[in-house]
Number of protein chains: 2
Amino acid sequence: MAKMLRGATAQETHSAILDLIRSSGTVTRVDLADRSGLTGASISRVVKRLLADGLIIETGYGDPTGGKRATLLQFNPRARHAVGIAVDTPSTTYVVTDMSGRVIEQLSSRGIGKDAPATAVRRITAELEDLIVKAGIEPSTLVGVGVALAGRQGRGGTRLLRTDSEKYAWEPFAVRDTLKAAIDHPIVVENDSTCAAIGEFWAGKIPSVNDFATVYLAAGFGLGLMTNGDVYRGSSSNVGEIGHMVLDVNGPMCWCGGQGCLESLAAPAAVVARAEQDAALADKLGLRGRQTSVRADFAKIARLAAGGDPRCVQLIEESATYLAKALLSITNLLDLDQIILAGPGFSETGDIYVRLATQELNRLSFVRAMHPTRVELSKLGPSAAALGAASLVLHSQLTPHQNRS
Amino acid sequence: MAKMLRGATAQETHSAILDLIRSSGTVTRVDLADRSGLTGASISRVVKRLLADGLIIETGYGDPTGGKRATLLQFNPRARHAVGIAVDTPSTTYVVTDMSGRVIEQLSSRGIGKDAPATAVRRITAELEDLIVKAGIEPSTLVGVGVALAGRQGRGGTRLLRTDSEKYAWEPFAVRDTLKAAIDHPIVVENDSTCAAIGEFWAGKIPSVNDFATVYLAAGFGLGLMTNGDVYRGSSSNVGEIGHMVLDVNGPMCWCGGQGCLESLAAPAAVVARAEQDAALADKLGLRGRQTSVRADFAKIARLAAGGDPRCVQLIEESATYLAKALLSITNLLDLDQIILAGPGFSETGDIYVRLATQELNRLSFVRAMHPTRVELSKLGPSAAALGAASLVLHSQLTPHQNRS
DNA sequence: CGCACTTTAGTACACAACGTAAGGAAGTGG
DNA sequence: CCACTTCCTTACGTTGTGTACTAAAGTGCG
């Protein structure tokens, strides 16, 4: 233990001011002084430095208010870039973003499927290097590479990855170290839910003072939590395992050993399993009934539901009802005022999940009398995790741990 | 908005060092330097000041390690005092504590029952003043009064209180303002669960880097959360409403409008209701079957269970099983490594709740492979909430918002 | 158009807090 | 007794912020 207090270093102050500029989009020096509590003189000094570093630019003048017009400041988007990779079973998504979280270049390739870890990582490394070249960014502006994985954090910083074929096949594999050896840039690895959360935070310009949660739906449900301008990681970086929240103590057995878990009641596999009970529907959808096609089968059901097919709408609504119950419990526990739904699982029928969750929270949430809990669909689209991974890098490199309130 | 950055003021550094001394019990200057990241020179300066203020004292010398023996530092317990009041339906508990959280004087009087808010607060004010005189503490060392209430935070800092008779009878009543007008000391009001958590933190010398949760059981279940050395309050200071976590989507209706809530399945009222179904048991216990005697009736059942009565043990175990499920969900969500059970509801049979929760977490928690989640009974006894309220005052006055990591 | 006023931005200097370096104090072990 | 270790303090330099003042750039009215 040896890092704690160290005075208000330039680093920290610069980070804090940069964070204000990020969440504001466009601000004046006076705004910054108001919001940071620093005096104009100090802001002047910090801003001068940020301008000199090229991190921010002056972009015009504010509206007249009876005196000298204020100079507008904002990110210099091309000052820094980041790469985000979302590694998932059916597909791998790469994005190159600028400093404001805008996607400059992207690429989708096949997922890891049943590949051995070493093979998959080798391919990812190659594709990554191609992409960086193709994006045509100045190498010195690349602050790092973020990787979003479905999995848990192991003891030694290892990232565990869940695959379809074998559970925890990647268990002993140190993704981060392997990538780090192959790529000469900072590598940050996080789970997909947390990445989605920080993606919303960064690209959505959410202020550091707002606490919110993001639910990410791919193979299963995960939750990412942002508090006080930083990711909340818990005691071993394994926050957000909501897939096995107990919603029905007498419910069906789950592979985890519990009963009535959210995952066994509402995840894509559960929805597909119910669809398969209905022979006519299974036939109509051409369900393949194989473990490995669950994600594709779920997508088919979701597409039909989005198109209005009553039976499919019913199936999705059933899933959404369970998620709504889980979100109700979570909201009561954490007093959230904003929940964002992201990930491929919500891409077709996210509005159904939003509607049912909103209804449930408005009806039963304990804090509903004080403030609403907004449930929203992510605006980042299907590459939310990849974009979030890139945002994570930007956040950790440009605005490391914000403090105070 | 105007408080955020302001350099590392003496205030903040002093707070941080004082917090390290609190959680260490006894430390040397060298230890403080290691743990804080400050240099020995800076520690020297800060410690000198804390000694001059009388907040800490030198209490001897450390073990020889081949050189000059280090001077031991610890709190000067009598330097400051705080008062904590736990306002509950069946009883009101007052404690006067010293700076280390030790109880110096205490008093229990009848609860608020069906009293009107103004009447109850008037009586509390009178009893409080008597107690302060009786404790014989130097008035200038009293840093403030903390109040633990069962209730929710309203919009304008109002505290809502749940009473047996009418739900939310106290709804529009501003407890804090009323007390503040009557008592010339800082007043801090919090809900009982949060107070219990900070009581463990302070009196139990838990380091600021440890995140943990406390479950408080009085009329119902509540949860208090400490993260990064401070209370986690959420967006409207209403964190911890776990009483209405959904554990059984098809379960019995709850007064809140939901189904299968933890409270309706496992709270004292539910346990008593089940006991009343059993005519023989109800007779044996002399259950009064009245709404207002639920707490007393539950205590009877708990006492018999603690004595080994099989039927009562079964009833408590049923309640504990539901709580264990809820704690499993919460642990998976927040990646906790420590959960403390506190409050009058656990005073007789807390070990049963601890045992079943530990079992469930060891069996099903997602992080069990990384680290255990310890479930422990509070060592603060039945006055945990009052002691916590006092701790809250000490914390907010002596070590305001810790930062960094 | 000129002049008084407002708002923004930057500079000079003082102050506060921490780090570095050096040395004194208090002990250990040969 | 003396070399060495560890603890603690003092003196001084660096860094970052606030205060006070000034310059710059606008508005609005007569």
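1. Some remarks on unusual backbone geometry
Residues and elements named next belong to chain B.
- Positive phi is not limited to glycine here, since N228 has a value of about 55°.
- Inspection of the secondary structure assignment puts N228 in the loop between strand 10 (221-227) and strand 11 (230-231).
- Of note in the backbone geometry, S237 takes a positive phi value of approximately 55° without being a glycine.
- Looking at the secondary structure, you find S237 in the loop between strand 11 and helix 7 (262-266).
- When its relative accessible area of 24% is taken as the criterion, S237 is described as partly exposed.

2. Some remarks on the protein's contact with DNA strand C
- Around DNA strand C, the surrounding shell holds 24 residues, and the nearest of these are S44 and T71 of chain A together with A10, T13 and R45 of chain B.
- Of everything in DNA strand C that lies within 4 Å of the protein, sugar and phosphate atoms constitute 79%.
- In this structure, a phosphate oxygen belonging to DNA strand C sits 2.8 Å away from a side-chain N or O atom of S42 of chain B.
- Secondary-structure elements contributing two or more residues to the surface near DNA strand C are helix 2 (29-36) and helix 3 (40-52) of chain A together with helix 1 (10-24) and helix 3 (40-52) of chain B.
- Considered class by class, the residues forming the surface near DNA strand C number seven nonpolar, 12 polar and five charged.

3. Details of the sheet that holds strand 9 (residues 212-217) of chain A
All names here are of chain A.
- Spatial strand order, 11-10-9-12-13: five strands in an open sheet with mixed pairing. The sheet terminates laterally at strand 11 (230-231) and strand 13 (374-377), the two strands that pair on one side only.
- Looking at chain direction, strand 9 and strand 10 (residues 221-227) are connected through six bridges and run antiparallel. Within strand 10, the position partnered with A213 by the bridge is L225.
- Its contacts with the sheet place helix 12 (residues 350-364) against strand 9, strand 12 (338-342) and strand 13, and it is angled at close to 180° to strand 13.

4. Some thoughts on the protein's contact with DNA strand D
- Of all residues adjacent to DNA strand D, which total 26 residues, the nearest are A10, T13 and R45 of chain A together with S44 and T71 of chain B.
- The sugar-phosphate share of atoms of DNA strand D within 4 Å of the protein amounts to 76%.
- Take K48 of chain B: an N or O atom from its side chain is 2.9 Å from a phosphate oxygen of DNA strand D.
- A distance of 2.6 Å separates a phosphate oxygen of DNA strand D from a polar atom in the backbone of T71 of chain B.
- Every element with two or more residues in the surface near DNA strand D is listed here: helix 1 (10-24) and helix 3 of chain A together with helix 2 (29-36) and helix 3 of chain B.
- Examining the composition of the surface near DNA strand D, we find that four residues originate from one element, helix 3 of chain B, more than from any other.
- Across the surface near DNA strand D, the residue classes break down as eight nonpolar, 13 polar and five charged.

5. Some thoughts on the packing of aromatic side chains
All names here are of chain B.
- On inspection of all chains with the given rule, the structure shows six aromatic pairs over all chains.
- Summarising the aromatic geometry, the rings of F75 and W202 are spaced 6.1 Å apart at their centres and angled 35° between planes, so their arrangement reads as tilted. With F75 in strand 3 (residues 71-75) and W202 in helix 6 (residues 192-203), this residue pair connects regions lying 127 residues apart in the sequence.
- Using a relative accessible area of 1% as the deciding quantity, one classes W202 as buried.

6. What about the sheet that holds strand 6 (residues 103-110) of chain A?
All names here are of chain A.
- A sheet is described by the order of its strands in space; here five strands give the open sequence 6-5-4-7-8, paired in mixed fashion. Of all the strands in the sheet, the pair left with one neighbour each is strand 6 and strand 8 (187-191). Within the sheet, the average angular offset between the axes of one strand and its neighbour, ignoring direction, is 15°.
- Alignment of strand 7 (residues 142-149) against strand 8, held across five bridges, turns out to be parallel.

7. A short note on helix 13 (residues 384-398) of chain A
- Over its 15 residues, helix 13 of chain A runs 20 Å from end to end, which matches the ideal 21 Å to within 8%, given 1.5 Å per residue.
- Counting buried residues in helix 13 of chain A gives 13 out of 15 residues, a clear majority hidden from the surface.

8. Focus on the state of the cysteines
- Per the counting criterion, the structure on display carries zero disulfides over all chains.
- This cysteine, C261 of chain A, is not joined by any disulfide, and C256 of chain A carries the nearest cysteine sulfur, 3.6 Å off.

9. What about the domain arrangement of chain A?
Residue and element names in this part refer to chain A.
- What the domain assignment reports for chain A is domain 1 (10-75), domain 2 (81-204 + 385-398) and domain 3 (212-378).
- The centre of domain 2, based on its C-alpha atoms, is set 24 Å off from the matching centre of domain 3.
- In this complex, domain 2 contributes 24 residues to the contact, which on the side of domain 3 involves 24 residues.
- The interface formed by domain 2 and domain 3 includes two salt bridges.
- Put simply, R233 and E190 hold a salt bridge, and the shortest N to O gap is 2.8 Å.
- On inspection of domain 2 and its partner domain 3, the count reaches five residue pairs in polar contact (both at pLDDT 80 or more).
- For the side of domain 2 that touches domain 3, the secondary structure elements donating two or more residues are strand 8, helix 6 (192-203) and helix 13.
- Per-element tally for the side of domain 2 that touches domain 3: the top contributor is helix 6, with eight residues.

About the criteria used
- Residues numbered from 1 in each chain as written.
- Chains lettered and ligands numbered in written order.
- Predicted model: local features only at pLDDT ≥ 70, side-chain atom pairs only at ≥ 80, totals over all residues.
- Heavy atoms only, no water.
- Helix = DSSP H or I, 4+ residues; strand = E, 2+ residues; numbered from the N terminus.
- Buried < 20%, exposed > 50% of the residue type's maximum accessible area, 1.4 Å probe, protein only.
- Near = heavy atom within 4 Å.
- Polar contact = N/O pair within 3.5 Å; in protein donor to acceptor, adjacent residues only side chain to side chain.
- Nonpolar A, V, L, I, M, F, W, Y, C, P; charged D, E, K, R; others polar.
- Pairing = 2+ DSSP bridges.
- Contact = heavy atoms within 4.5 Å.
- Axes fitted to C-alpha atoms, helices over the stretch in contact; angles between N-to-C directions.
- Phe/Tyr/Trp six-rings, centres within 6.5 Å; stacked < 30°, edge-to-face > 60°.
- Expected span 1.5 Å × (residues − 1).
- Disulfide = S-S within 2.5 Å.
- Domains from an automatic or database assignment.
- Salt bridge = Lys/Arg side-chain N within 4 Å of Asp/Glu carboxyl O.

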